[in-house]
Amino acid sequence: FILFLSFSANGKTLKLPEVSAEYVCNTKFIIGVASLETRTFHSRNKKRIDTVIQNVPQSVIIDYENQTATWVWPKTNSYLSLPLQKKHQENLKKATNITKLEKIKSDYIHGFAVDLYKLKVNLPDGTAEESTRWITKHGITLKEVGFIEGDQGKIHFYSEFSNVKVFKQDERLYEVPK
């Protein structure tokens, strides 16, 4: 769930570090009282996220090169593929404004050297995010804590990667089972 975001203020472009490595990790997302745990595989142009929702194992495989997202339900041998709308992705990147990106300090988390950033982001729908991110030299956000504020109020969120392994991913991970 990491977006490439940038904003130009006073001639200076504020930009998060780009992810430059292939990796696999466990992820825990907490938004308000909701919690989601996943196993994420990230390669150069593909991402696979495995999780269990209401006791149903499922995966989503995103292929940025072929512009498809495929949901897979292995227990029922079912899948659904949909095209991604590249124009919408590009418009979201252009309309997302980073209004603050301040490196606070360097630290270590889960054995990785990270830089801590204070971040403020305004999204096209009027939603605002204020957070702190722990980002590796590879551009991987290992931890994020903050608030999202919009029409429905203000909510706290937390995400953290664990068991992170940086290495080239096997392409078979991104195949849709037949």
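Above this text sits the structure in question.
All residue numbers refer to positions counted from 1 along the written sequence of the respective chain. It should be noted that, the model being predicted, local features are given only for residues of pLDDT at least 70 and side-chain atom pairs only at 80 or more, the latter also being counted only at that level, while totals for whole chains, interfaces and linings use all residues. Just so you know, side-chain values use all the structure's heavy atoms and leave hydrogens and water out.

### Quick word on a nonpolar patch on the surface
Link 1 in the chain: On the surface, Trp71, Leu80 and Leu82 cluster together into a nonpolar patch covering about 250 Å² of accessible area.
Link 2 in the chain: Position of Trp71 relative to the elements: it lies in strand β7 (residues 68–73). Each patch is built from residues lacking any salt bridge and having more than 30% relative accessible area; the joining distance is 9 Å for like charges and 5 Å for nonpolar side chains (Val, Leu, Ile, Met, Phe, Trp, Tyr). Reported accessibility uses the Shrake-Rupley method at a 1.4 Å probe radius. Residues are deemed covered only where the shown protein chains occlude them. The term salt bridge refers to a pairing of a side-chain nitrogen on Lys or Arg with a carboxyl oxygen on Asp or Glu at a separation within 4 Å. Numbering goes from the N terminus for both helices and strands, where a helix is a DSSP run of H or I of at least four residues and a strand is a run of E of at least two.

### Details of the pairing of strand β11 (residues 128–136)
Link 1 in the chain: A 1.4 Å probe rolled over the protein chains alone gives each residue an accessible area, and that area as a share of the maximum for its type sets the label: buried under 20%, exposed over 50%, partly exposed in between. A large share of β11 lies buried, amounting to seven of its nine residues.
Link 2 in the chain: Only when DSSP finds a minimum of two bridges between them are two strands counted as paired. Relative to β11, strand β10 (residues 112–122) runs antiparallel, the two sharing nine bridges. Opposite Val121, over in β11, you have Glu129 as the bridge partner.
Link 3 in the chain: Hairpin remark: β10 followed by β11, antiparallel, with five residues in the connecting loop; positive phi at Gly126, about 95 degrees.
Link 4 in the chain: Where β11 folds back onto strand β12 (residues 141–150) in an antiparallel hairpin, the turn is made up of four residues, including Gly139, whose phi is positive at roughly 85 degrees.

Don't take any of this as a statement about function, it's just geometry.
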